[in-house]
Amino acid sequence: MANIILASGSPRRRELLKMIVPEFTIASGKDVDETYPGDLPAEEVPVYLSQIKAEPYAVELTDGDVLITADTVVIVDNDILGKPHDRDQAIAMLRRMQNRTHVVVTGVTLTTTAGSKSFSQRTEVDFDKLSDAEIEYYIDNYKPYDKAGAYGIQEWIGAAAIIGIRGSFYNVMGLPVHALYLQLKDICEI
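Because the structure is predicted, anything quoted here is derived from the model rather than measured.

Rules used in this analysis
- Residues numbered from 1 in each chain as written.
- Predicted model: local features only at pLDDT ≥ 70, side-chain atom pairs only at ≥ 80, totals over all residues.
- Heavy atoms only, no water.
- Buried < 20%, exposed > 50% of the residue type's maximum accessible area, 1.4 Å probe, protein only.
- Helix = DSSP H or I, 4+ residues; strand = E, 2+ residues; numbered from the N terminus.
- Pairing = 2+ DSSP bridges.
- Contact = heavy atoms within 4.5 Å.
- Polar contact = N/O pair within 3.5 Å; in protein donor to acceptor, adjacent residues only side chain to side chain.
- Patch = residues over 30% accessible without salt bridge, like charges linked within 9 Å, V, L, I, M, F, W, Y side chains within 5 Å.
- Areas by Shrake-Rupley, 256 points an atom, 1.4 Å probe, with all protein chains shown as cover.
- Salt bridge = Lys/Arg side-chain N within 4 Å of Asp/Glu carboxyl O.

Asks: Sorry if this is basic, but what is going on with the pairing of strand β3 (residues 65-76) here?
Replies: Looking along a regular strand, one sees the side chains alternate between the two faces of the sheet. For β3, the tally of buried residues reaches 12 of 12 residues, placing the bulk of the element in the interior. In β3, alternate side chains face the same way, and those of Asp65, Leu67, Thr69, Asp71, Val73 and Ile75 on one face and Val66, Ile68, Ala70, Thr72, Val74 and Val76 on the other are all buried. Inspection of the sheet shows strand β1 (residues 3-6) paired to β3 by 4 bridges, in the parallel sense. Bridge pairing in β3 places isoleucine 5 opposite leucine 67. Pairing analysis gives 9 bridges linking β3 to strand β5 (residues 101-112), with the strands arranged antiparallel. Bridge assignment links leucine 67 to a residue of β5, and that residue is threonine 111. Bridge count between β3 and strand β4 (residues 79-81): 3 bridges; the pairing is antiparallel. In the strand pairing of β4, valine 76 is matched with aspartate 79.

So this is what it looks like as structure tokens:
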């Protein structure tokens, strides 16, 4: 049985991984410079970042360890919307996404002593029109400052504003669990 290690501070990723891997350990946080090349296509950024996040842990792995690192981005018009720094930025992000479709891409890297394997999952999300009062209500009550694109699909805004999705719901939460499950089955016993 493999020793699955999640290198993520995200409580949502922990919750999602637990759905497919009941027992795993959490790697202690390591500072990683999440700068990416400016000419890298937006949909390739999450895989690149998941690979960078894995690098500081790779030397610590032993046989049987499988390290999981991930990064999720929200993309509108080829622009990456990261985590908002403040209320104004969160409001601006939601205004930009409302009444249109955006893309959520999560990149995942699985690292073992034998090497690493990366993949990504893409999901399209359709937002309905939102009033400024609805946007402010969400921001003030849910404080989504730790979420790419300033929203969590599993929160009020998911029920109130998301018309539809094409792809994995869990990917939008931050971890494409079905794709990850298949990859883990391919490289280890789970």
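Once the structure has been displayed, the description carries forward.
Asks: I keep staring at the pairing of strand β6 (residues 115-127) and nothing clicks. Help me out?
Replies: Pairing geometry for β5 and β6, over 12 bridges, is antiparallel. Within β6, the position partnered with valine 104 by the bridge is threonine 123. Counting the residues in the hairpin turn of β5 and β6 gives 2 residues. Direction of pairing for β6 relative to strand β7 (residues 162-166): antiparallel, over a ladder of 4 bridges. Note on β7: the bridge partner recorded for phenylalanine 127 is isoleucine 162.

Asks: How do you make sense of the environment of tyrosine 138 when you look at a structure like this?
Replies: Position of tyrosine 138 relative to the elements: it lies in helix α4 (residues 132-142). Every residue in contact with tyrosine 138, bar those within four places of it in the chain, is listed here: Leu94, Lys143, Pro144, Ala150, Tyr151, Gly152, Glu155, Trp156 and Ile157. Within the local environment of tyrosine 138, its side chain forms a polar contact with the side chain of glutamate 155, the two groups lying 2.3 Å apart.

Asks: Is there a simple way to explain a nonpolar patch on the surface in this structure?
Replies: Residues Met19, Phe169 and Tyr170 make up a contiguous nonpolar surface patch of roughly 270 Å² in combined accessible area. Residue placement: tyrosine 170 occurs in helix α6 (residues 169-173).

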